[in-house]
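Here is what each chain is made of, one letter per residue.
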Amino acid sequence: MSYEVVTLDVQGSAMDCLVFKPEGNGPFPGVVVTQHIPNAHDGLEADPFTIDIGDKFVAKGYACVIPFIFHWWPAGTDLAVKREEWDDAKTVADLDAACGLLTSIDGIDTDRIAIMGHCWGGRMSWLGACHNPQYKVLGTLYGGRIKIGMGERNPAPIDLVGNMKCDVIGVFGKEDQNPSQEDVVDLGTALTAVGIAHEFHSYDGAGHGFQDFVSEDRYRPEATEDSWTKLFAYFDARLQRSAA
């Protein structure tokens, strides 16, 4: 197995995390990965796509922590209930706990930390980057609902962009409706307004979840390969040390 499972207590609720660590003593960079919707019911280890993300990062020399942010509900709770009851404040607590776990890993360089996610995780990673100044890079991949707050009195993540302290890479499908290309423009405008360096890539013929090889109807292999190449180039340029 390429990872270990570590369970954290978040406000009295047990949250499992997958922890991937590269070989060697470091120092190495790290990334918190926020999960996507398909494993919302069955947990992190039930989703090959999530495991593959961790494997990709560790192969590139990154430590990686992936928290199960759906731990607040009993197993089998309908996704519609989770959406209705979602509280962004709890997500911030989850991601802060996951970041704390990441920065405790032996060999980690705490000055080279990123956060990224797909789909639901694309929104949550944006939220996390607005609440934790330790992140140097945010990768948001087709994250919807960034313009909407979730939970009582919680602002929309797009409105928190002034708190962000990191560079941003965004990956989107032009056929997606959540976020739509109009939403992508709004996200870029918000980042520009506060002087956040960012790079967005949108792919023709690709809809929501186009990187997810588990979903054959959504998967677009060429866009997937190109977008992963661009994402790692962006991360490496900011987080990997040049060879002496």
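You'll find the structure just up there.
My aim in this report is to walk through the structure given alongside it, one point at a time. Worth saying up front: this structure is predicted, and the values here are computed from it rather than measured.

### Describing the overall build of the protein chain
In step 1: Broken down by element type, the protein chain carries six helices and eight strands.
In step 2: Counting helices and strands in the order they occur from the N terminus, the protein chain gives β-β-β-α-β-α-α-β-α-β-β-α-β-α.
In step 3: Computed over C-alpha atoms, the radius of gyration of the protein chain comes to 17 Å, within 12% of the 18 Å expected from 2.2 N^0.38 for 244 residues, which places it in the range of a compact globule.
In step 4: Principal axes of the C-alpha set define a box for the protein chain whose edges measure 45 × 40 × 40 Å.
In step 5: Across the 244 residues that make up the protein chain, the buried fraction comes to 55%.
In step 6: Residue pairs in contact within the protein chain that sit at least 24 positions apart in sequence constitute 73% of those at least 6 positions apart.
In step 7: Surface exposure of the protein chain reaches about 10,400 Å², of which carbon and sulfur atoms provide 47%.
In step 8: Of the charged side chains in the protein chain, 19 are positive and 36 negative; the average position of the first set lies 4 Å away from that of the second.

### Points about the pairing of strand S5 (residues 108-118)
Within a regular strand, side chains alternate between the sheet's two faces.
In step 1: Among the 11 residues of S5, nine are classified as buried, and the element is accordingly described as predominantly covered.
In step 2: Here six bridges tie strand S3 (residues 28-34) to S5, and the two strands are oriented parallel to one another. Note on S5: the bridge partner recorded for Val33 is Met116.
In step 3: Bridge count between S5 and strand S6 (residues 135-141): six bridges; the pairing is parallel.

### Things to note about the environment of Asp78
In step 1: Relative to the assigned elements, Asp78 resides in the loop between strand S4 (63-67) and helix H2 (79-85).
In step 2: Exposure remark for Asp78: the relative accessible area of 46% places this residue in the partly exposed category.

### A short note on the nonpolar core
One broad rule of soluble globular proteins: the nonpolar side chains tend to lie buried together.
In step 1: Membership of the largest hydrophobic core comes to 82 residues, with the highest contact counts inside it found for Phe57, Met116, Trp120, Trp126, Met164 and Phe235.
In step 2: Dropping the residues within four chain positions of it, Trp126 is found in contact with Leu138, Thr140, Ile146, Pro157, Ile158, Val161, Met164, Leu187 and Leu191.

### Comments concerning the packing of aromatic side chains
In step 1: Summed over the entire model, instances satisfying the criterion amount to 15 aromatic pairs.
In step 2: Judged by centre distance (6.4 Å) and plane angle (50°), the rings of Tyr62 and Phe232 are tilted. With a gap of 170 residues between them, Tyr62 in the loop between helix H1 (48-59) and S4 and Phe232 in helix H6 (residues 221-239) connect regions that are remote in the sequence.
In step 3: Among the residues examined, Tyr62 registers a relative accessible area of 0% and is labelled buried.
In step 4: By relative accessible area, Phe232 is classed as buried at 7%.
In step 5: Between the aromatic rings of Tyr142 and Phe210, the centroid separation amounts to 5.4 Å while the plane-to-plane angle is 55°, which identifies the pairing as tilted. Of this pair, Tyr142 sits in the loop between S6 and strand S7 (167-173) while Phe210 sits in the loop between strand S8 (198-203) and H6, placing them 68 residues apart in sequence.
In step 6: Take Tyr142: its relative accessible area is 2%, and that puts it in the buried class.
In step 7: A connected cluster of aromatic rings, assembled from ring pairs, spans Phe57, Tyr62, Trp228, Phe232 and Phe235.

### A few points about the pairing of S7
In step 1: With respect to burial, S7 is a largely interior element, six of its seven residues being buried.
In step 2: Direction of pairing for S6 relative to S7: parallel, over a ladder of five bridges. Paired with Val137 across the strands is Asp167, a residue of S7.
In step 3: Relative to S8, S7 is paired through six bridges, and the arrangement is parallel. Its bridge partner being in S8, Val171 is matched across the sheet by His201.
In step 4: Once the chain exits S7 it traverses helix H5 (residues 181-193) before rejoining the sheet at S8, and the crossover so formed is right-handed.

### Some remarks on the packing of H1 against H6
In step 1: The N-to-C vectors of H1 and H6 enclose an angle of 45°; their axes lie 12 Å apart at closest approach. As summarised for this structure, H1 and H6 are arranged oblique, according to the angle between their axes. For the element pair H1 and H6, the recorded crossing hand is right-handed. Contact residues: H1 offers Ile53, Lys56 and Phe57, while H6 offers Trp228, Leu231, Phe232 and Phe235.
In step 2: By residue class, the composition of the contact of H1 with H6 is six nonpolar, no polar and one charged.

### Here's the deal with the sheet that holds S8
In step 1: Pairing within the open sheet is mixed, and its eight strands lie in the order S1-S2-S4-S3-S5-S6-S7-S8. The outermost strands of the open sheet, each flanked by one partner alone, are strand S1 (4-10) and S8. Averaged over all adjacent pairs, the angle separating strand axes in this sheet is 20°, with direction ignored.
In step 2: Relative to the sheet, H1 contacts strand S2 (13-20), S3, S4 and S5, its axis offset from that of S2 by approximately 45°.
In step 3: Each of S3, S5, S6, S7 and S8 is contacted by H6, which is oriented at about 155° to S5, the strand it contacts most.

Cut-offs applied
- Residues numbered from 1 in each chain as written.
- Predicted model: local features only at pLDDT ≥ 70, side-chain atom pairs only at ≥ 80, totals over all residues.
- Heavy atoms only, no water.
- Helix = DSSP H or I, 4+ residues; strand = E, 2+ residues; numbered from the N terminus.
- Rg over C-alpha atoms; globule rule 2.2 N^0.38 Å.
- Buried < 20%, exposed > 50% of the residue type's maximum accessible area, 1.4 Å probe, protein only.
- Contact = heavy atoms within 4.5 Å.
- Areas by Shrake-Rupley, 256 points an atom, 1.4 Å probe, with all protein chains shown as cover.
- Lys, Arg positive; Asp, Glu negative; His and termini not counted.
- Charge placed at Lys NZ, Arg CZ, Asp CG, Glu CD.
- Pairing = 2+ DSSP bridges.
- Core = buried A, V, L, I, M, F, W, Y, C linked by side-chain atoms within 4.5 Å.
- Phe/Tyr/Trp six-rings, centres within 6.5 Å; stacked < 30°, edge-to-face > 60°.
- Right-handed = clockwise from strand over helix to strand, strands pointing away.
- Axes fitted to C-alpha atoms, helices over the stretch in contact; angles between N-to-C directions.
- Parallel < 35°, antiparallel > 145°, perpendicular 65-115°, else oblique.
- Left-handed = near helix turned anticlockwise from the far one by under 90°.
- Nonpolar A, V, L, I, M, F, W, Y, C, P; charged D, E, K, R; others polar.

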